[in-house]
Structures are given as structure tokens and as C-alpha cells.
Amino acid sequence: MDFQWTKKDLLSLYDLSRDEILHILNTAEEFKKVSQRNVKKVPALRGRTVVNLFVEPSTRTRVSFELAEQRLSADIINMNADVSSFRKGETLLDTLKNIQALQADIVVIRHQATGAPNFLARELNMGVVNAGDGAHSHPTQALLDIFTMREKKGRIEGLNVVVVGDILHSRVARSNAWGLIKLGANVTFAGPATLVPREFEKIGVRVCHNLKDALADADVINLLRIQLERQQRGYFPSLGEYSRFFGIHPETLRYIKKDALIMHPGPINRGVEIDSAVADGPQSVILEQVTNGLAVRMAVLFLVAGALK
Amino acid sequence: MDFQWTKKDLLSLYDLSRDEILHILNTAEEFKKVSQRNVKKVPALRGRTVVNLFVEPSTRTRVSFELAEQRLSADIINMNADVSSFRKGETLLDTLKNIQALQADIVVIRHQATGAPNFLARELNMGVVNAGDGAHSHPTQALLDIFTMREKKGRIEGLNVVVVGDILHSRVARSNAWGLIKLGANVTFAGPATLVPREFEKIGVRVCHNLKDALADADVINLLRIQLERQQRGYFPSLGEYSRFFGIHPETLRYIKKDALIMHPGPINRGVEIDSAVADGPQSVILEQVTNGLAVRMAVLFLVAGALK
Amino acid sequence: MDFQWTKKDLLSLYDLSRDEILHILNTAEEFKKVSQRNVKKVPALRGRTVVNLFVEPSTRTRVSFELAEQRLSADIINMNADVSSFRKGETLLDTLKNIQALQADIVVIRHQATGAPNFLARELNMGVVNAGDGAHSHPTQALLDIFTMREKKGRIEGLNVVVVGDILHSRVARSNAWGLIKLGANVTFAGPATLVPREFEKIGVRVCHNLKDALADADVINLLRIQLERQQRGYFPSLGEYSRFFGIHPETLRYIKKDALIMHPGPINRGVEIDSAVADGPQSVILEQVTNGLAVRMAVLFLVAGALK
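Heads up: these notes are all about the structure in this document.

Calculation criteria
- Residues numbered from 1 in each chain as written.
- Chains lettered and ligands numbered in written order.
- Predicted model: local features only at pLDDT ≥ 70, side-chain atom pairs only at ≥ 80, totals over all residues.
- Buried ≥ 20, exposed ≤ 12 C-beta atoms within 10 Å, placed from the backbone.
- Helix = DSSP H or I, 4+ residues; strand = E, 2+ residues; numbered from the N terminus.
- Pairing = 2+ DSSP bridges.
- Right-handed = clockwise from strand over helix to strand, strands pointing away.
- Least-squares fit on C-alpha atoms with pLDDT ≥ 70 in both.
- Contact = placed C-beta atoms within 7 Å.
- Nonpolar A, V, L, I, M, F, W, Y, C, P; charged D, E, K, R; others polar.

**Notes on the pairing of strand β5 (residues 127–133) of chain B**
Residues and elements named next belong to chain B.
Here is step 1: Most of β5 is tucked away, with seven of its seven residues classed as buried.
Here is step 2: Note: strand β1 (residues 9–10) against β5, two bridges, orientation parallel. Looking at β5, one finds that D9 is bridged to V128.
Here is step 3: Here strand β4 (residues 106–111) runs beside β5; their pairing, made up of five bridges, is parallel. The residue of β5 that forms the bridge with I109 is N130.
Here is step 4: Since β4 and β5 lie parallel, the crossover through helix α5 (residues 116–123) that links them has a hand, and here it is right-handed.

**Some points on the relation of the copies chain B and chain A**
Here is step 1: By a simple turn and slide, chain B fits onto chain A: the slide is 0.0 Å along the axis, the RMSD is 0.0 Å, and the turn is 120 degrees. Expressed as a symmetry operation, the mapping of one chain copy onto the other fits a three-fold axis. Relative to the rotation axis, the closest C-alpha in chain B is found at N78 of chain B, a distance of 6.2 Å.

**What about the interface of chain B and chain A?**
Here is step 1: With 18 residues of chain B at the contact, the number on the chain A side is 23 residues.
Here is step 2: The set of elements that each furnish at least two residues to the side of chain B that touches chain A consists of β3 (75–80), α3 (84–87) and α4 (92–101) of chain B.
Here is step 3: The element contributing the most residues to the side of chain B that touches chain A is α4 of chain B, with four residues.
Here is step 4: When grouped by side-chain class, the residues that make up the side of chain B that touches chain A number five nonpolar, seven polar and six charged.

**Considering the interface of chain C and chain B**
Here is step 1: With 18 residues of chain C in contact, the opposing surface of chain B contributes 23 residues.
Here is step 2: Mapped by element, the contributors of at least two residues to the side of chain C that touches chain B are β3 (75–80), α3 (84–87) and α4 (92–101) of chain C.
Here is step 3: When the residues that make up the side of chain C that touches chain B are grouped by side-chain class, the tally is five nonpolar, seven polar and six charged.

Take a look at the structure:
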């Protein structure tokens, strides 16, 4: 590992080279070992301040980042959508420039606006870590997905990875594809035609509207959450219909590879995109993804902090 | 103290033996000494993570637990009813399994559903500490009540303890009774018949609907808060009526023992269940209960952490 | 610096002597050096607990205090307007007495009621730091303003400081005046007559309703935020009108001193009280105020903690 990380921000796997992605994964492996010790803390970010600014709320991602920061011994500030300066009409950039003036080192930001982290990264000296922006990018989720695949399968090159569900609105799907293709995997996007338009072929993935065809050769099946609140818009007739054609049921397991991994970024809708027997079954690595997320986020924060100043 | 604590959870005083209760009280005594030092911290939970999940909100109990955790040097995550995964339809158990996958060691949970902590304790490897579930159990409140009685009276055995108020909806009353009876106290539940049904005699308490009779021999008077929001349901005619017949006034002090303790779990309704002259008077130990709560919660977290793995 | 600080509270610059104000500024200078080191933490408040009780919400001030507390290594509890005990009808004083019984050392309080911190300071043994009460006082804001002026201008004595805007509702304006006058500055309040009544002359400031006259000799221009929510009450015809007569525009820069400082407590309303070209221009020290706020708050907490017990 004589690779030298130089980026002060983590914005998107689209921006990263193959070597950079591999360097994060390797660093995360080291941090995973730390997490298995009795005292799980390292002093790597002691005296450094990380601000978690979740303008779009997400408890699960926020908690994962916060735990990663605690284990790196950082000082932590949590801010959310209620930030009163937003209500008082302050611009996002002014809010962030204030945080920077308070000598924070890194901001972890989730925002509903595509590109907000990229804009901020250009304007700020602080490190910016994207914790999800609009339907654009969610790099740490994709990194933890890829980390889990590599850990379980021993490689990424040549793996057949199928992402199933509402690809259209999913930053997880795009981020998976960008990272996986760079590392040599074959990526398929599967789901109803309304949610998986052919346009996605342009980024180098296979598009498939029949689940059985999509899963036949799959080494990894990454299921996306159906956002119940989006159902009204008519992308599919009903949850029951979606579940019947694109959910993973015990019967699905009969025609997929016995060692195919079942993944899901969570939170899962039991009985919609995944049945309980599958979610809790031996092929599911859903909870291991959560554990790996911690190691990946420690690695990202550690590398970004090292590139500051 | 060669007693060996083995439980990874604290769910209810109903489940604990006399020796276990005494062991917690003795451990809390040690921690109370720590709280009187200038630097109030010990490294007992350093590198361990405690999640405070308050699905039913309670600032006072949450803050008491959080301070106890800080003094044990734990890493702390606060989650509340707004947890976005609940809004997204995730089950409580899935949320907790995620927290466990993030390698948290202990969850402190308050939930409106009776039995939620017991259910979770069975399903999880993490330690589970009940911070109040429905009208069922609130073990750390009862433990701090008993700790305070023992500290002030030198014993529990043979003490006459009267709990006054809305027993029907009170986890504090039940939890007090379970613990106190095991330690040999005589427990009376007093209040209007609508709020103190005779059924409670089955758990071994005396039921009394006349305050003067109930308090005549009392060594300890533990007042419950009248929940203003429940008043509409017609359990008693009005707050004024309740206060007249079951509130503690300066005149009440004339017919009770001069050394009877006045206790209250807080927050108090001045002028309803207790007059200011009584709440702030020499027999009141209400604020000492708060201080002792810290020591008791440090003890519980310390013991539970020691029983993990 | 053989001055000995003895106050357990910081309530208002009105209460402080010239020497006390200077001692805070000098102490803050020392802490500013700490903030420029790589590890920005000192163990001064290790094992001490600070409660941030923001009954009136303010993310920016809360975060500044929280960071100051982290850098002093304090244990920190955050409570806000949602504090459930308030909803349950507990008095403010009872809530605070509970916090004190939990052995907190200092409470940092923001409250909409004028005088709330003064009342609490008399009743509690804890230290009380006022983070803003009603339209009365906001001492740490004024201290950071004065710190910034002294740092940039080398002195306070003889400086011409003009505060512009909604003086009537501003605790910042009053606090600035109290402190600056004690240190020998000449203070002018400028703005529309509806927002800057002549009564203010009684506290020793000049009142001026014409911006050009007010700014002619200004060494420091401290702009207040126009609270958009207050606009309906008819203090001025419209935001456009306010901006035209009392906003600072590039043209304004032509008739003020070239080395006059432009200050603002934030959050700024770009295009209302200040144009972007001015806010981001070379005379603006707005973000340096934010940085200095950290050092000033560290100093205040450090001094108050030292005076306890």
C-alpha cells in the first residue's frame, strides 16, 4: 500500500479511480480489524471536528457515520433539517462557511439536491463527505456494498451483480454501477420498465425487465427498497404486483445460484421487495453490510482527514 | 460482595432476585462516591457503545442515562421517536438488529408498548436496559427510589411505603411494589378507587382509598404525577377534587410521621399532587432521588456491560 | 494578569466591570492560540458537565458553545425547546433544579424571556451562562464583537462604532453598547426612527436616523439582521425600502472610511441589510467573528468553571 490518497472530499465513485476505490477498501479492511477488538477506538481523529449535516433526514446513515467518528475519537456536531439558520433564510453555502469558520475539519452532508456536496467541496477548505445527494450519488453505501461482495466472494472482477428495484430514483444503484464497473464486475439493472429505462445502458450496465432472466447468473443480488411514499405516482400497479414480479421469495431461491449473495441497503420492507425467509436466510448478508459500513466510513473519514491542509 | 452478576439485561424488578437487587444497590453506593469526587468519570465503559432509543420521549430519564454513560466513559448515540427508519416502515426488531450490527453493546430503550424490552432482550445479543415500557415496568426508577429509602432509613425491611396516585397507569408503582416486597417492606397503594382497583392486592400490596388511613403509619410516601392529559377520561371529577382528597398539603404533614420521607419521580405538578411547601420542605427527598438516579444507572450499565459476551 | 475572576455566572455586560471584560478578552486571546494548534483540545473542563438548554432555538450559537465545550473536554448534554418536562407542565426552575441535582456544573441557557438567566443564577449553585434572553442581553456575542474589534484595530478606546438596524428588538445592540462604552468607545445606534427611538440616548449612545451621517466617521459598522418575520408589524414600509435606506451596498463603501470594519452577528440576509459584494469583500470580518466566538466562549466557560465552589 504505497498508494497516496490526496482527495480532501469523497463525492462520488464516478470521480474515483480504480486505485482510489481499492485503497479505500484496503483501508477499511484494517479498520474492520479494529472493530473486532475489545476497545474499538483509535485516536486517529483526536482533536478534529466532524459535523454531520443531515438536511435530508436519515437516522441509519447518520448513526453509522457518528459511530465511525466516535471510534476515530473525533469531536462530533450533529445538525439536521431543523437547523434554525435555514429557517432564518441563510444560504446553504453561508451556513457551511460558518461551520468552517468554527474550525470544523470535515462535514458529512446529506442533501436532497443533486450536486450540493460537489458545489460545497469546491467552495470550502473543509473536507466534504457525501452521505447521499438526491438521486445522484451515495458513495459510502456503494463502497460498503462492494466491500461486502469482495469479502464474501474474494474478488470483484468478473462478478455478475444484479441491482433490482426502483433504479430510476436510486443513488445506490448509480453508485454501485460506477464502482463495480471500474473494478471489472458485470452489472445488471432489473425492475419494471417504468423504473429501469433503457437509458441506463449508456453507463455500461445491462438492463433487464424480467427478474428470472436477470438473476440466472447472478453472483450478487442487491435489492433496493421500494419507497412506499412513491407508490402513488403510478410506476407500478400496486405493491402486491411489484412483490409478485420483482420481490425475492423462497421460490426465487430455487432458480438462482446457491451461493448468490442477497444484499439490501435497508431499511427492508418485509413482504414487498424481500420475504422474511430470504432476508433472514443463509444467503442474506444484509446485517454484515451494516457492520462493514462502519469500517468503510472510518476509512473514508481517515483518508479525507489525512488529505486536509 | 462476592455475588456474581450474570444478566445481560435489566428488564424489570419482577425478574430479579433479592440478592440481585441488593447487588445493584451496593454497586450504586460505590458509584455515588465517584460522583462526589472532583473528576466524576471512570473508564469502565471506555470503547463501549450505548444507544439511547427513546421511542416514547422522556428528556429527564434520557438525560440521567446519558450522564451516567458519560461518567462511565462510554460512546453514546441518541435516537428518538423521529427515527426515520420507523417512518419508513422498518420493524422495531429490524431497527435494533441494525444497531447491533453496528456493534453497539447496550441499548437503553423506552417504549410505549408493554413488553417491548423483554421481546428485544430475547432476540438480541446486545444488553437491553428498560427505561420504561408502557404501564408495565420502570426498573431504574424503582431502584433509585429504593436506594434513596435505604440511604435515608438505613433499611428496607419492615418499612411502610405508601404509593399515592394514578396506580392504574403507573409503571413506577408496580416496579416499586415488586422490589420493595422482595426486600421485606410493607407496600400500600392509595388513591381513588377508579385509579387503584382492589386487583392490586394480588401482587401483595394493601389497597387503600382514604389518604389519611393510608398515610397514618407511613415511613415513606411516594407520590405519582397526575398526568394532566389523562384527566379527561373521567377517573376523577377534576384536578381540584383530586388535589383536595389525594394531594399532599401542609395540613397533611400534621397527621403523618415527622420523619416520613416525601418522594416523587418527577416532574411534579405543584398544587396538584403536592403543594410547594411540601415539595420544598425538609421531609422532601425529591432532588436527592434525582442525584441517586445517576448512581443507580451507572451501576446498572456497569453490571450489564460486565455480563456481555 | 493577576486579576482574579470570581463570578459563577455570565449574565450581561451590564453587570461586568471594565476589568472583568478585559480579563475575558485576554483569556480568549490565549484560547485563540489553542485553536490554531493541530490538536485543539485542552483538558480544562474534563469531568465537568455543561448542559446547553436552548429553550429558544438557535443552531449557530448552540454549535459554537458545543464546540467550545468539546475543546475544553467537558461532558455535554443538549436540551431544547422540546424538553418533554416543559410539555408536562414542569416549571423552568424545577427543570433546572433537576439538572443541578444531576450534578451538572454549568448551564448555557437561551430563553425568550428577559431576565430568565438572572433569575436562575440567583436560585442555583450551578454556573449560568446567558446565551441570549429576549431582547435583553447576549453577552458572548458582544464579547466576540469587541474581541474582533480590538484584534483588528488594536484598541477599543476612542473607536467610533455604529450599530445599524433593528435596535429596538436587539439584545446584540444593547450588549455591544454596555461593553463598548465601558471600554471607552463612542457608540452610535442607526436605523429608522421606528426601530431606533431616542430613548437609547439614555444609555450613553448617539442615535442617528440617517445612515450617511451615522457612518461618516465609523471605524466599525456592526449590522443587525432584519428579522423577516417581524416585517409585517409595519416598522418600515418594505424590505426594499429598508435595504435602500439602511442596507450596506457597494456605493456605501465610497463614503465610509477605507479601513472601517464591516461586522454582522449572522445569519446574514444577502440583499437586505448587506449586499454580497460587501459581505464577501475585504472590509468584512463576519467569518472572523465566528472564529473568535469560539475562543470567547471557551474563555467564558473556563472562567465560570473556575469560580464554582
